Amino acid sequence: MTTPRSAPSTSRRGAPTARDETVVYAGLVVLIGLLTSASAAIFTGATDPIALSEAGPTVRWGIPLLRVVFDLSAALTIGLLLLGGLIVPEGRTTARRAFTARLAAPAAAVWGLSGLLGGVLAYADVAGTSVGGPGFFSDWWTNTWQLETLRAPGIVAFLALAMSLVLTVERGRNAQAALFFVGVFAMFPLALVGHSAGAADHDTGVNSLAAHLMGSTIWVGGLLGLLLLWPRLGKRAGVTVQRYSTVALWCFVLVAGSGLLNAAVRLGGWGGLTTRYGVLIMGKTVALIVLGMFGYLQRERVVRTLEADPSAEPPRRLFVRLAAVEVAVMGFAVGLATALTRSAPPVPEKIVESDPVFDRTGYWMPPDFTVSRLFTMWRTEWLFTTIAVLAIGVYLAWVWRLRARGDSWPIGRTIAWVSGWALFAYMIDSGFGIYGRVMFSIHMIEHMSIAMTIPLLLVLAAPVTLALRALPKRKDATLGPRELVLATVHSSVVRVLANPVVAALVFFLSLIVFYYSPAFGMALETHTGHILMTFHFLLTGYLFVWSLIGRDPGPPKWPAPLRLLVLLVTLAAHAFFGVALMSGTTLLAPEFFSALQLPWVPNPLEDQQLAGSIAWATGEIPTLVLAILVTADWLRSDTAEARRQGRQADRDGDAELAAYNAYLAERSGARPPSDDQPRSSEDQRRSSLSRPPEES
């Protein structure tokens, strides 16, 4: 492969090149991370021997230090894939994407191997034995898939190795973009086994830690990758830094917000800051503030100058210097974070108290059920609430962008979008979400709202159309937000799923499979199951409604009569599901509901039958609205067709009707009307509307 033109050369033999400097800066973050992790672990006592189960100093020191390598290699992999798949432009004589893929492959391999080795040390730590004893590795392999604390990191490690193999074969833009999203979502399993996973507020701890890991990984990895790629950017340095700067700003907000929430869960109050764990938290906070200041300097002094003159040398050198300091601070923050994972927080991992609801769900048993408490109680579910707030904020920002340039957007669509997400947050956070975790009947109200009512409002808001009008179009063959939206709605997967029959089958069959399989119990008891359930029903409901009444770009819409037929058949099937629950005599998820012993639900089977009545009744109103909208679309299309035919008749003197009359006259032996007898436009319009249908 030829060297890109933008790569600098040495001015004299032995002098360090810009490429050498960036490699040194990138390696600096690893060294600082290792030193910080070791120092912080000594400070908190994380590496002190354990009297009852001592695995040896190799395990005690190896776990936090390997975690530094694991985190930084994961960040570098994901950052390089972000640059190669979504940010960096490619020229006719450059090979920037090949470079990012070539570096990401070994980085992913290091990510995976360090994860596997870390799993070996983690098992030795759990078992209290040294590495390599008789039967050690067979026991490690068996327990890796039985213990969640070992299983989640093991899955991530094997996923990283698979990404490395893919990158050795496929190095294109689309492959790197897809692997970037895979790598980001691979961070979520790690949050399930962190300290926050054992907190009293389990869901908040897991959600905040997952968001923190995702944001920090993209932020750190993107800057590391940018440093390594910097000598090859040339005149594209300005646009690349500008795009990364936007991503970094979002990551900063995500890391700051999730870190604050996670610290509140783990510290348990201001007094927790006086502990050694709290000192590390304050150290991370200072590092975050410093990084925010440097990010501001980058945007003000580098990005703006490079946008005006991409070849200007002073801002290019300034970027490297600022980025070098940033990665040093990032290495410090990563080292503190890895030490925190091995340090005991002030809040104990588990609270021992007799509460069957807490034992099953991680939430305390709510007070006795009353209808008024459905509307007055509140418990914020931060993941879905944040998604709802961001969805509303981004939509309103797009509407403002259209109006700022003089374009209009229907106010009804905006109201529908805001109402849909507000209702979503209310159903998740209010008494419906609280009691829905333990009562089948209230769960069904929540489910019907998420699967039928909320998608109806969101589809009517036409978010894809708004996004395509508001988002800028990239002209350098990179995948920006607008290009990702277009690629998604026109993909073969969406083309299949948006087929009304397929969407209806997925919508109904997933309902049956979910409730009559162990998936229902998993969604009630586990945080992951609850998240997957909520996203699944929201997405399947959205696809079903979109296939019927969607106005956004996508696969061609079926004729209205066929869509109405699909809706009526689905309604009948949904009613059958409700009747089956109403008349069923077998309790679903019996291990869960029977163990709760709720005083206000003496008979869980009766509550399940009530849920069937709710499913049957609440599904009628959204279905009726859908039927009305499909029918209105039918009438609208017929009216538009009639107007088209009228305009056509005005243009050609109703040649189609004249030809049809001539055909009938020929069949009957009568003389056709003379063409030189003019008719008024009103006569032509009446004749076009009253003419019989064409013969087959």
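Residues numbered from 1 in each chain as written. Predicted model: local features only at pLDDT ≥ 70, side-chain atom pairs only at ≥ 80, totals over all residues. Heavy atoms only, no water.

Attention now goes to the overall build of the chain. Across its full length, the chain carries 29 helices and zero strands. Counting every position in the chain, which comprises 696 residues, the buried fraction comes to 49%. Counting contacts in the chain only where the partners sit at least 6 residues apart, residues at least 24 apart contribute 79% of the total. Accessible area of the chain: about 33100 Å², with a carbon and sulfur share of 66%. (Helix = DSSP H or I, 4+ residues; strand = E, 2+ residues; numbered from the N terminus. Buried < 20%, exposed > 50% of the residue type's maximum accessible area, 1.4 Å probe, protein only. Contact = heavy atoms within 4.5 Å. Areas by Shrake-Rupley, 256 points an atom, 1.4 Å probe, with all protein chains shown as cover.)

A few words on the packing of helix α14 (residues 382-404) against helix α15 (residues 411-429). Between α14 and α15, the shortest axis-to-axis distance is 9 Å and the interhelical angle comes to 170°. Judged by the angle between their axes, α14 and α15 are roughly antiparallel. Counting all contacts with α14, which are made through Phe-384, Thr-385, Ile-387, Ala-388, Ala-391, Ile-392, Tyr-395, Leu-396 and Val-399, the residues of α15 involved are Arg-413, Thr-414, Trp-417, Val-418, Trp-421, Ala-422, Phe-424, Ala-425, Ile-428 and Asp-429. Split by residue class, the contact of α14 with α15 holds 15 nonpolar, two polar and two charged. (Axes fitted to C-alpha atoms, helices over the stretch in contact; angles between N-to-C directions. Parallel < 35°, antiparallel > 145°, perpendicular 65-115°, else oblique. Nonpolar A, V, L, I, M, F, W, Y, C, P; charged D, E, K, R; others polar.)

Moving on: helix α4 (residues 136-144). Within the sequence span of α4, burial applies to Phe-136, Trp-140 and Thr-144. Seen along its axis, α4 keeps its buried residues to an arc of 60°; they face one direction. The secondary structure elements touched by the buried residues of α4 are α3 (96-127) and α5 (148-169). (Arc of directions from axis to C-beta.)

Okay, empty space enclosed by the protein next. All told, the structure shown has seven cavities of 30 Å³ or more when counted by the stated rule. Size it by volume and the largest cavity reaches roughly 90 Å³. Along its surface, the largest cavity is lined by Tyr-363, Arg-379, Thr-380, Glu-381, Ile-428, Gly-433, Ile-434, Arg-437, Glu-446 and His-530. Counted by class, the lining of the largest cavity contains three nonpolar, three polar and four charged residues. (1 Å grid on protein atoms, 1.4 Å probe; cavity = no way out; pocket = protein on both sides within 12 Å on 5 of 7 lines; lining within 4 Å. Points joined across faces, edges and corners; volume = space filled by probe spheres on them.)

If you look at the biggest cluster of nonpolar residues, it comprises 159 residues, and the most contacted ones within it are Met-444 and Tyr-515. The biggest single contributor to this core is helix α8 (residues 202-229), with 14 residues. Residues in contact with Tyr-515, not counting those within four places in the same chain, are Phe-440, His-443, Met-444, His-447, Phe-520, Phe-537, Phe-577 and Leu-588. The next biggest cluster of nonpolar side chains, apart from the first, holds 10 residues, and it includes Val-59, Leu-66, Val-120 and Leu-150. (Core = buried A, V, L, I, M, F, W, Y, C linked by side-chain atoms within 4.5 Å.)

Positionally, Phe-319 belongs in helix α11 (residues 313-341). A relative accessible area of 2% places Phe-319 in the buried class. A C-alpha to C-alpha distance of 9.9 Å links Phe-319 and Arg-299, two positions 20 residues apart in sequence. Excluding residues that lie within four positions of it along the chain, Phe-319 makes contacts with Leu-223, Leu-226, Trp-230, Val-241, Gln-298 and Val-302.

Positive phi outside glycine occurs at Ala-589, with the angle close to 50°. One can find Ala-589 in the loop between α24 (560-583) and α25 (590-596). Phi is positive for Gln-597, which is not a glycine, with a value near 55°. Along the chain, Gln-597 falls in the loop between α25 and α26 (604-618). Residue classification places Gln-597 among the exposed residues on the basis of a relative accessible area of 64%.

What follows deals with helix α2 (residues 57-87). Between the first and last C-alpha of α2 there are 43 Å, a value that for 31 residues agrees with the 45 Å anticipated at 1.5 Å per step. A bend of about 30° at Ile-63 is the largest found in α2, and the proline Pro-64 appears one to four places after it. Burial within α2 is extensive, with 25 of its 31 residues counted as buried. (Expected span 1.5 Å × (residues − 1). Bend = angle between axes of the 7 residues up to and from the residue.)

Here the chain averages 82 in pLDDT, and 84% of its residues register 70 or above. Across the chain, element-level confidence peaks in α15 with a mean pLDDT of 96 and bottoms out in helix α29 (residues 681-690) with 49. Predicted confidence for residues 692-696 stays below pLDDT 50, and this span has five contacts to residues more than four positions away or in other chains. (pLDDT = per-residue confidence, 0-100.)

This part is about a nonpolar patch on the surface. A cluster of nonpolar side chains, namely Trp-141, Trp-145, Ile-155 and Phe-158, defines an oily patch on the protein surface of about 380 Å² accessible area. By relative accessible area, which is 42% here, Trp-141 ends up partly exposed. (Patch = residues over 30% accessible without salt bridge, like charges linked within 9 Å, V, L, I, M, F, W, Y side chains within 5 Å. Salt bridge = Lys/Arg side-chain N within 4 Å of Asp/Glu carboxyl O.)

We now examine the packing of aromatic side chains. Inspection of the entire model under this criterion finds 31 aromatic pairs. What links up through ring pairs into an aromatic cluster is the set Phe-440, Phe-514, Tyr-515, Phe-520, Phe-537, Phe-577, Phe-592 and Phe-593. (Phe/Tyr/Trp six-rings, centres within 6.5 Å; stacked < 30°, edge-to-face > 60°.)

In this section: the environment of Gly-27. For Gly-27, the location among the structural elements is in helix α1 (residues 18-44). Taking the C-alpha atoms as reference, Gly-27 lies 9.7 Å from Ala-328; in sequence the two are 301 residues apart.

The residue Leu-117 is located in helix α3 in this model. Leu-117 sits in the partly exposed class, given a relative accessible area of 46%. When the C-alpha atoms of Leu-117 and Phe-70 are compared, they prove to be 9.8 Å apart, with 47 residues separating the residues in sequence.

With that out of the way, let us pick up the pattern of salt bridges. Within the structure shown, the criterion is met by three salt bridges. Asp-71 serves as the salt-bridge partner of Arg-67, at 2.8 Å between the closest nitrogen and oxygen. With Arg-67 and Asp-71 both in helix α2 and four residues apart, the pair spans about one turn of that helix. Relative accessible area serves as the criterion here: at 23%, Arg-67 is assigned to the partly exposed category.

Pairs of packed helices are described in terms of their axes, by the angle between the two and the distance that separates them. Axis separation between α3 and α5 bottoms out at 8 Å; the angle between their running directions is 155°. Regarding the angle of α3 to α5, the classification is roughly antiparallel. Crossing of α3 against α5: the hand is left-handed. Partitioned by chemical class, the residues of the contact of α3 with α5 number 18 nonpolar, five polar and no charged. (Left-handed = near helix turned anticlockwise from the far one by under 90°.)

What follows concerns the side chain of Thr-94. When you line up the elements, Thr-94 lands in the loop between α2 and α3. With a relative accessible area of 18%, Thr-94 lands in the buried category. Only 2.4 Å separates the side chain of Thr-94 from the side chain of Glu-90, close enough to count as a polar contact. A polar contact is formed between the side chain of Thr-94 and the backbone nitrogen of Gly-91, at a distance of 2.7 Å. (Polar contact = N/O pair within 3.5 Å; in protein donor to acceptor, adjacent residues only side chain to side chain.)

This brings us to the side chain of Thr-478. Relative to the assigned elements, Thr-478 resides in the loop between α18 (463-470) and α19 (481-489). A polar side-chain atom of Thr-478 sits 3.2 Å from a polar atom in the side chain of Arg-243. Every residue in contact with Thr-478, bar those within four places of it in the chain, is listed here: Leu-86, Ile-87, Val-88, Pro-89, Arg-97, Arg-173, Arg-243 and Glu-483.

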